[in-house]
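Listed below are the residues making up each chain.
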Amino acid sequence: SRAEWANIRHEAKKLASLFQQWQRQRKQSLEGSTRIDVNQLIRETVEDLRSESPAIEFVVQTAGEPLLIMGFAAEVQRLGTLLLRYAVAAAQGGGVDNPMIEIQLGKNEDRIVVRLLEAGPATARLQWTDFNDVASSDRITLSLTALACKSLVERLQGNVRLESHSNGRVSLAIDFPAAGS
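Residues numbered from 1 in each chain as written. Predicted model: local features only at pLDDT ≥ 70, side-chain atom pairs only at ≥ 80, totals over all residues. Heavy atoms only, no water.

K.L.:
Pulling in residues and values, what's your account of the overall build of the chain?
P.N.:
Counting its regular elements, the chain contains 5 helices and 7 strands. When the helices and strands of the chain are listed from N to C terminus, the series reads α-β-α-β-β-α-β-β-α-α-β-β. Across the 181 residues in the chain, those meeting the buried criterion constitute 43%. Sequence-distant contacts in the chain: of pairs separated by 6 or more residues, those separated by 24 or more amount to 73%. (Helix = DSSP H or I, 4+ residues; strand = E, 2+ residues; numbered from the N terminus. Buried < 20%, exposed > 50% of the residue type's maximum accessible area, 1.4 Å probe, protein only. Contact = heavy atoms within 4.5 Å.)

K.L.:
Can you tell me about the pattern of salt bridges, naming the residues and giving the values?
P.N.:
Applying the stated criterion across every chain yields a total of 8 salt bridges. E11 is the salt-bridge partner of K14, the closest N and O atoms lying 3.3 Å from each other. In this pair, K14 and E11 are both assigned in helix α1 (residues 2-26), 3 residues apart and thus about one turn of the helix distant. Given a relative accessible area of 42%, K14 falls into the partly exposed group. One salt bridge connects R161 with D175, and the closest N-O pair in it is separated by 2.6 Å. Of the two residues, R161 sits in strand β6 (residues 159-164) while D175 sits in strand β7 (residues 170-177), which places them 14 residues apart along the sequence. Residue classification places D175 among the buried positions, given a relative accessible area of 6%. Linked by salt bridges that have partners in common, R111, R115, R161, E163 and D175 make up one network. (Salt bridge = Lys/Arg side-chain N within 4 Å of Asp/Glu carboxyl O.)

K.L.:
Which residues make up the confidence of the model for the chain, and what values do they have?
P.N.:
Per-chain confidence: the chain averages 77 in pLDDT, with 76% of residues scoring 70 or above. Here helix α4 (residues 125-129) stands out as the least confident element of the chain, with mean pLDDT 45; strand β2 (residues 57-61) is the most confident, with 91. Here residues 121-130 is a poorly scored stretch, pLDDT under 50, and it has 32 contacts once near neighbours within four places are set aside; other chains count. Within the model, pLDDT remains below 50 along residues 132-139, and this stretch shows 9 contacts once partners closer than five positions in the same chain are excluded. (pLDDT = per-residue confidence, 0-100.)

Following this line, the structure appears as structure tokens:
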């Protein structure tokens with residue numbers, strides 16, 4: 001319908017603007033970047049999204065220690081917001097009555113790991129795969145968000161991958177180099 005296309009165009013323009021901002025910042029090096037605690041960033045972002053998406057349950061498992069990465073605060077904040085908005089859109093489109101986003105934060109050797117888990121088996125599998133094959137998706141807004149997120153992750157020297165779990169769940173795992181103490 002016209003309203004849906006208008007909404008898609010509006011979302012695409014917002015994402016294009018974010019992408020252009022990222023391109024400008026990409027020219028900068030990580031010199032002048034600061035240490036950012038991923039635990040704190042995710043907690044704050046989730047609190048903002050809870051008021052916007054009250055139907056979605058957020059479960060956050062933070063680490064018992066600061067999880068520090070190097071980056072520009074605005075860029076890392078934008079990435080956190082985009083990732084969680086992407087997860088919200090995937091959860092809302094997953095056909096689950098009580099959508100839930102589970103976020104696990106931790107450290108694996110010298111990497112900080114953020115995992116976003118789907119609400120249940122196969123609920124968001126197609127949405128998560130947008131990260132691996134953005135061009136094949138017919139969900140334009142999710143695909144553009146995935147592209148912007150993936151680009152920001154790579155800018156921060158991170159990696160994005162899908163993980164399958166023995167219980168049938170799928171998670172989107174993102175890891176970044178840990179900042180030295």
